[in-house]
Every structure is written in structure tokens, then in C-alpha cells.
Amino acid sequence: RPRFRKLAAETNADCSEPLLSPDGRWLAYQRVARTDDDGLYVRRVDGSGTPRRIVKPESEYVGYWATGWSANGRELLVVRGSKGKQDLLLLPFNANSDQPGELVELHAGPSDEFAASFSPRGGHIAFETDESGHHEVYISTYSSDGATGLPIAVSDGEGHRPLWSPDGSRLYFLSSQRGLLAIDVSYQPSLTFSEPKVILEQETTDLFQQRFEILSGDRVLIVRRGELEGE
């Protein structure tokens, strides 16, 4: 459309971490105001209806935000942040029901797990974790009951914010030393992947940090800050 309109905006509350559903009909976002109305919400992109809370935090010191939406629209990858710790969970979503689904822990060990996304092919997720002592990107299988396969590291020494190509054949991630990298992924007869290769040099990615999306045709949408702008 030729002009913007507010979709999730409330007085005295932060509405952030937006995530569109694959069909473009829903937006998930985090609401934070240190009140009892905080939580993870969804609402229709056309502005109809009212926002629906799908996760209520246990306290004002716990936050939830969505990082991935399955291709069929029925599941969300959700990060739970509490006292500096981040865990990865799975949340069922039913667009036709006002009843929230039940959160299931996927990766909730002693390390931090976050920045997760679903493979468009289904059955696999990619996520970032500091389990090795530094940030790496892993791929694992998953099922709706929370069971996961053994995570496989796909980055080499460092990896941040993995995002899949629309067809699931490539996985992109960031490295502060090298830039934007990509691996080719094959699912049959078993999961295999190529060595990471540089898509954009580190000097370019410095200007947009982690603000990017992958479009069809392996195009990269970048939100850059000006060279003279501060952090």
C-alpha cells in the first residue's frame, strides 16, 4: 500500500519482535509494559478483530517472543527469556480458536537457545546457541511433542540468526568475522550440508548487523543504517 498504518501500537507499552505468518494473515508480536497484560500476542494483519494473547508470562521478569512460524501456520517457535537465560519452545497455533495452545520445551538446557526458524520443508529447525562456549548455528529434527534429534553444528566457529531460503534448500547465517554466509542443505537420503560460503562480505554486513530477510530467488532484503548513524 502507498502508506503505512499502525497495526500493533499501545500507549505506555512496547510492541516489538514482529513475525508474519507464512500466509500473511497474522502478525505475532511481544507486548511489554510491566503490567498484567504483557505477553505474546497475535492479531490479523488487516486490522480486523482484536489482539489475542497466546502466551502469558509467569511474572514481569519473564518474556516470550516468536522467532519462527511453520509453513503450514500451525506452530510457532517461541523463545522464553528469564533472568538473562533464553530457552526454545514450541507453541501450537489454531487460527480458528481463541484458546491458546500449550507450550512444549524443545531445547531448554543450561545454555541459551534462540533465533530459531523452521525449515520450509518441515521436520527440521535451525537455531543459535552458545552451548559450545561461543555462538554457533545448529540444525535438528523436531516433532510436535517436543522430541528433537541430535543437533548438528553447521557454522564453523561462529554463527548468528539462521534464516532459511523460501524452498528450504539453503540456510543463511551471520558471522561477525566473515559476513553473511550460506550452506546448501539436502534432506534425502539423510541430512547433509555444504561448507559455508560468503554471500556478503563482513564490511557490508557491519552496516545492517542482524536486520535482514531472505526472499525468493536468493535475494537478500537488508535494513541498513547510514554510515554516519550511531548504534
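The structure this text deals with has already been given above.
The rules behind each value
Chains are numbered independently. Their residues run from 1 in the order of the written sequence. Reporting of local features is limited, given that this is a predicted model, to residues whose pLDDT is at least 70; pairs of side-chain atoms are given and counted only at 80 or more, and all residues count toward the totals for whole chains, interfaces and linings. Side-chain metrics rest on all non-hydrogen atoms present in the structure, leaving aside hydrogens and water. For two strands to be treated as a pair, DSSP must find at least two bridges joining them. Helix numbers and strand numbers start at the N terminus; a helix is a DSSP run of H or I with at least 4 residues, a strand a run of E with at least 2. Think of each axis as a best-fit line through the C-alpha atoms, taken over the contacting stretch in the case of a helix, with angles from 0 to 180 degrees between the N-to-C directions. Here is the rule: rings of Phe, Tyr and Trp (six-membered ring for Trp) pair when centre to centre is within 6.5 Å. Planes less than 30 degrees apart are stacked, more than 60 are edge-to-face, and the remainder are tilted. Charge over a ring is defined by NZ of Lys or CZ of Arg lying within 6 Å of the ring centre and within 35 degrees of the ring normal. A 1.4 Å probe rolled over the protein chains alone gives each residue an accessible area, and that area as a share of the maximum for its type sets the label: buried under 20%, exposed over 50%, partly exposed in between. Remark: nonpolar core denotes a set of buried residues (Ala, Val, Leu, Ile, Met, Phe, Trp, Tyr, Cys) joined through side-chain atoms within 4.5 Å. Two residues form a contact once any of their heavy atoms are found within 4.5 Å.

## Describing the sheet that holds strand β7 (residues 85–92)
At step 1: The strand order across the open sheet built from four strands is β5-β6-β7-β8, with neighbouring strands paired in antiparallel fashion. Strand pairing shows two members of the sheet lacking a second neighbour, β5 (62–69) and β8 (104–107), which therefore form its edges. For this sheet, the mean angle separating the axes of adjacent strands, direction not counted, is 35°.
At step 2: One ladder, built from three bridges, connects β7 with β8; its direction is antiparallel. Bridge assignment links L90 to a residue of β8, and that residue is V104.

## A few points about the sheet that holds strand β3 (residues 39–44)
At step 1: Read from one edge of the open sheet, four strands run β1-β2-β3-β4, paired in antiparallel fashion. Since the sheet does not close on itself, it has two edges, and those belong to β1 (14–20) and β4 (52–55), each with one partner. For this sheet, the mean inter-axis angle between neighbouring strands, taken without regard to orientation, is 35°.
At step 2: In this sheet, β4 lies alongside β3 in antiparallel orientation, the contact comprising three bridges. Residue pairing in the sheet places Y41 in a bridge with R53 of β4.

## Section: the packing of aromatic side chains
At step 1: Tallied over the full model, the rule gives five aromatic pairs.
At step 2: Consider the rings of F127 and Y138, whose centres lie 6.1 Å apart with planes at 20°: the pair is stacked. Of this pair, F127 sits in strand β10 (residues 124–129) while Y138 sits in strand β11 (residues 136–141), and the two are eleven residues apart along the sequence.
At step 3: Aromatic rings pair up to connect W26, W69 and F93 into one cluster.
At step 4: Of note, R161 hangs over the ring of F212, and the distance from its end group to the ring centre comes to 5.2 Å.

## So, unusual backbone geometry
At step 1: With an omega dihedral of 0°, the bond running from Q188 to P189 counts as a cis peptide bond.
At step 2: Inspection of the secondary structure assignment puts P189 in the loop between β15 (179–186) and β16 (192–193).
At step 3: Positive phi values are uncommon outside glycine, yet N12 reaches one of about 65°.
At step 4: Position of N12 among the secondary structure elements: in the segment before β1.
At step 5: Of note, E17 is a non-glycine position whose phi angle comes to about 55°, a positive value.
At step 6: As for its placement among the helices and strands, E17 is situated in strand β1.

## Observations regarding the pairing of strand β9 (residues 113–118)
At step 1: Counting buried positions along β9 yields six of six residues, so the element is predominantly enclosed.
At step 2: Hairpin remark: β9 followed by β10, antiparallel, with five residues in the connecting loop; positive phi at G122, about 90°.

## Digging into the nonpolar core
At step 1: One finds L40, V42, I54, W69, L76 and L91 to be the most contacted residues of the largest nonpolar core, which totals 15 residues.
At step 2: Sorting the residues of this core by element identifies β2 (26–32), β3, β4, β5 and β6 (75–82) as the ones contributing at least two each.
At step 3: Looking at this core, the element that brings in the most residues is β5, giving four residues.
At step 4: Residues contacting L91, with those up to four places away along its chain left out, are L40, I54, V55, R74, E75, L76, V78, G101, E102 and L103.
At step 5: Among the nonpolar cores identified, the runner-up in size contains 14 residues, and W65, V79, A116 and Y138 belong to it.

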